[in-house]
Amino acid sequence: MSEAKRLAGEKAIEYVEDGMIVGVGTGSTVAFFIDALARIKDRIKGAVSSSDQSTQRLRAHGIEVLDLNSTGTLSLYVDGADECDPHKRLIKGGGAALTREKIIAEASQTFVCIVDPSKRVDVLGRFPLPVEVIPMARSLVAREIQAMTRGQPVWRQSADGAGVVTDNGNVILDIHGLSIVDPVGLEQAINQIPGVVSVGLFARRPADVVIVGGEPPTVL
Ligand code: 5RP
């Protein structure tokens, strides 16, 4: 799959125009995009980053990382996804960066999503749905989501057995066992629960373009 990710990441460079400030997502597919962006770094003004991980990679390539508060609306955001349905609605947050990703997607005119073919589904939900939660609300939010969806919330742990902490200092619940027939409705309902920072459903603001890596890449 890593070759498909590379092909998707490199294809997305075609959407970068001279003088742009580029919104940059997080993950292994985006890493290929960042490496390709580095080859044309003198043509762009800089990047807005969705995570500490992407910031480090951008800076290692000498690409300036700017604050979204000072850039205004972005022309382009490029990010990966964990699942993508035929309407370009997404599940994201496998890398725990969903909140900043959602902010940048909202701030961008065009959201180009780069995926390998394994990410395409007819109905979202096979991938556990990430929800970023304020730590003190973890159990409350888990109970409310379980009652609402019949899905099973699992507190995300890192490899060393400690709870994952996001770049914003919060925790992640992954909701297993969903079949999401109304992604916009579920996104809105989960967002209403006190303590939820954001949910990794990108349905209200889906991708505008999806590039599926392959030889050649498919553009949806
Ligand atoms: C991070 C994300 C990623 O875009 C998603 O997890 C896909 O990652 P990868 O490109 O490594 O498969 O949402 O929060």
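The structure presented is a predicted model; accordingly, all values stated were derived computationally and were not measured. (Residues numbered from 1 in each chain as written. Predicted model: local features only at pLDDT ≥ 70, side-chain atom pairs only at ≥ 80, totals over all residues. Heavy atoms only, no water.)

K.L.:
Hey, could you go over helix H6 (residues 138-149) for me, with residue numbers and the actual values?
P.N.:
The end-to-end C-alpha separation of H6 is 16 Å, in line with the 16 Å expected for 12 residues at 1.5 Å each. Three or more residues of H6 are buried, namely Val 141, Ala 142 and Ile 145. Considered in projection along H6, the buried side chains sweep an arc of 100 degrees and stay on one side of the axis. Looking at H6, the residues exposed on the side facing more than 90 degrees away from the buried face are Arg 143 and Ala 147. (Helix = DSSP H or I, 4+ residues; strand = E, 2+ residues; numbered from the N terminus. Expected span 1.5 Å × (residues − 1). Buried < 20%, exposed > 50% of the residue type's maximum accessible area, 1.4 Å probe, protein only. Arc of directions from axis to C-beta.)

K.L.:
Tell me about the UniProt feature "active site" (unreviewed entry) in the protein, residues and numbers included.
P.N.:
Per the UniProt record, "active site" (unreviewed entry) is annotated on Glu 101. Structurally, Glu 101 is set in helix H5 (residues 98-106). Residue class for Glu 101 comes out buried when judged on its relative accessible area of 3%. Contacts of Glu 101, omitting those with residues within four sequence positions, involve Thr 26, Ser 50, Tyr 77, Asp 79, Lys 92, Gly 93 and Phe 202. (UniProt positions renumbered as here; feature names shortened; annotations may be inferred. Contact = heavy atoms within 4.5 Å.)

K.L.:
Explain the site of the ligand residue by residue, including any values.
P.N.:
Near the ligand there are 17 residues, and of these Ser 28, Thr 29, Asp 82, Gly 93 and Lys 119 occur at the shortest range. In the model, an oxygen atom of the ligand is placed 2.8 Å from a nitrogen or oxygen of the Lys 92 side chain. (Near = heavy atom within 4 Å. Polar contact = N/O pair within 3.5 Å; in protein donor to acceptor, adjacent residues only side chain to side chain.)

K.L.:
Describe in detail the sheet that holds strand S9 (residues 171-176), supporting the description with residues and values.
P.N.:
Pairing within the open sheet is antiparallel, and its four strands lie in the order S8-S9-S7-S10. Looking along the sheet, the strands with just one partner apiece sit at the ends: strand S8 (152-155) and strand S10 (196-199). In this sheet, neighbouring strand axes are inclined to one another by 30 degrees on average, regardless of whether the strands run parallel or antiparallel. Across four bridges, S8 lies against S9 in antiparallel orientation. Within S9, the position partnered with Gln 152 by the bridge is His 176. Relative to the sheet, H5 contacts strand S7 (129-133), S9 and S10, its axis offset from that of S10 by approximately 65 degrees. Where helix H7 (residues 183-191) meets the sheet, it contacts S7 and S10, and its direction lies at approximately 165 degrees from that of S10. (Pairing = 2+ DSSP bridges. Axes fitted to C-alpha atoms, helices over the stretch in contact; angles between N-to-C directions.)

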